[in-house]
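Architecture at a glance
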Amino acid sequence: MTERVPLAEAMIDLIAGRVAWRPPWFQPGPPMEAWLIPEATGALLVVWDPSRARAERAVVYDEAKLRAELPRLVTSGVVWARDIVPIASVPAGAARCGHALITRLASTLALLRARPELCLERSLGPDATDHLSHRVEVGWRSFVVSKGTPIRVARYEDDVIEAMVSAMLFASDELAPVPIDPALIAKLDEGERRWIVLRERMRRGEIGWRVHVDRVVVDLEGDLFSAAFHGLQVTYSHPFARGHVDGDMLTRTLTDAEPSPIVPLLAGQQAALRASVRSR
C-alpha cells in the first residue's frame, strides 16, 4: 500500500484515539517493534521485544510535544497509510510494558540524582568498568575505570541519559545503583573542581580549548564555537558540540590542572567572535 495521508489529518485521528501508528523512523527490526499508541490527548511511544514482553524504550508525548516533534520526523509532511493501524492491532501488553519501563526509569534516575555516591555499573571487559552517576555541579557523568584508575570521563544531557539507562533496564531485571569507591570519588572531585574553574575562565573569554592545530573552541554565553583568528580578526567559526569539549576537559583534568589544549585568548577575541556570529 503506497497511499499517503497528510500529517495533520493522521495526527487528528491519533490524538482522538481512533488509530495507532507503526512509526517507521523508530522501527529497530525484528524481533523488536515500535508502536505509537494514543493516550488521553497524546501518545505513548513503545519500542519493545514481543518475545520477551519487555520494553527497551518508552516515551510519553503530550499533545504539544506530538505537534512539535512529529513534523520533524515525518518525511514531506505525510504519513504512509500502511503505518496507520487500528487500535485493535496494538499488541496486548505493549502499553503496560512501556509504562513499567517509564516507572523504573524515573525511580532509578531520581535515586542517582539524590545519591551522588551511587552509580550504575556496566562491564566493558575484564579490566574496565563504566560507571554512570550524577553530581549537581557537573550533571550526568560516565567514567571508565581500568584497574582501579579512572581513565575517561564523559558528560551527558538528560535525554541521552534516559536512552542509556532505558537500554540498561531492558537488559537486566536486577539493575540497581551501587556505591562508588570513596577513593574514586575523591579523584573525580579533584578533577571536576579543576574543570569548573576552566569552564569559568572560558566563559570570561580568558582561554579557549584547542581542537585542531589552528582552531580553538570559544565559549559565547554557554554556546561553543570552533574558531580561527588572525589577531582580532575571525577567519573561521562554526558551532561546536559541548559534550565533546566537556568530556575531553573532564578526562584531562583528572591528572592535569592545566591541560595542553588550553589556549590563552587575546583580549578582544571573544568579543570579535561574538560580533561575527551575531552579524550572520
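As shown above, the structure is provided for reference.
Just so you know, these numbers come straight off a predicted model, no measurement behind them.

1. Topic: the overall build of the chain
- A count of helical and extended segments in the chain gives 7 helices and 17 strands.
- For the C-alpha atoms alone, the extent of the chain along its principal axes is close to 65 × 50 × 30 Å.
- A sequence separation of at least 24 residues applies to 57% of the contacts in the chain between residues at least 6 apart.
- Summed over its atoms, the accessible surface of the chain is roughly 14400 Å², and 55% of this surface lies on carbon and sulfur atoms.
- Placing the 34 positive and 36 negative side-chain charges of the chain at their respective mean positions leaves the two points 3 Å apart.

2. Examining the pattern of salt bridges
- Evaluated as defined, the whole model comprises 24 salt bridges.
- Between R135 and E192 there is a salt bridge, and its shortest N-O distance comes to 2.4 Å. Remark: E192 occurs in helix α5 (residues 182-203) and R135 occurs in strand β9 (residues 128-135); sequence separation between them is 57 residues. In this pair, the class of R135 matches that of E192, namely buried.
- Connected through salt bridges with shared partners, the residues R155, E157, R199, D219, R242 and D246 form a single ionic network.

3. A look at the layout of surface pockets
- Approximately 460 Å³ is the volume attributed to the largest pocket.
- In terms of lining residues, the largest pocket is bounded by 18 residues, among which R57, A58, V59, K65 and E162 are the most central.
- Of the residues forming the lining of the largest pocket, the biggest block, 5 residues, is contributed by strand β5 (residues 54-61).
- When the residues that make up the lining of the largest pocket are grouped by side-chain class, the tally is 11 nonpolar, 1 polar and 6 charged.

About the thresholds
Residues numbered from 1 in each chain as written. Predicted model: local features only at pLDDT ≥ 70, side-chain atom pairs only at ≥ 80, totals over all residues. Heavy atoms only, no water. Helix = DSSP H or I, 4+ residues; strand = E, 2+ residues; numbered from the N terminus. Contact = heavy atoms within 4.5 Å. Areas by Shrake-Rupley, 256 points an atom, 1.4 Å probe, with all protein chains shown as cover. Lys, Arg positive; Asp, Glu negative; His and termini not counted. Charge placed at Lys NZ, Arg CZ, Asp CG, Glu CD. Salt bridge = Lys/Arg side-chain N within 4 Å of Asp/Glu carboxyl O. Buried < 20%, exposed > 50% of the residue type's maximum accessible area, 1.4 Å probe, protein only. 1 Å grid on protein atoms, 1.4 Å probe; cavity = no way out; pocket = protein on both sides within 12 Å on 5 of 7 lines; lining within 4 Å. Points joined across faces, edges and corners; volume = space filled by probe spheres on them. Nonpolar A, V, L, I, M, F, W, Y, C, P; charged D, E, K, R; others polar.

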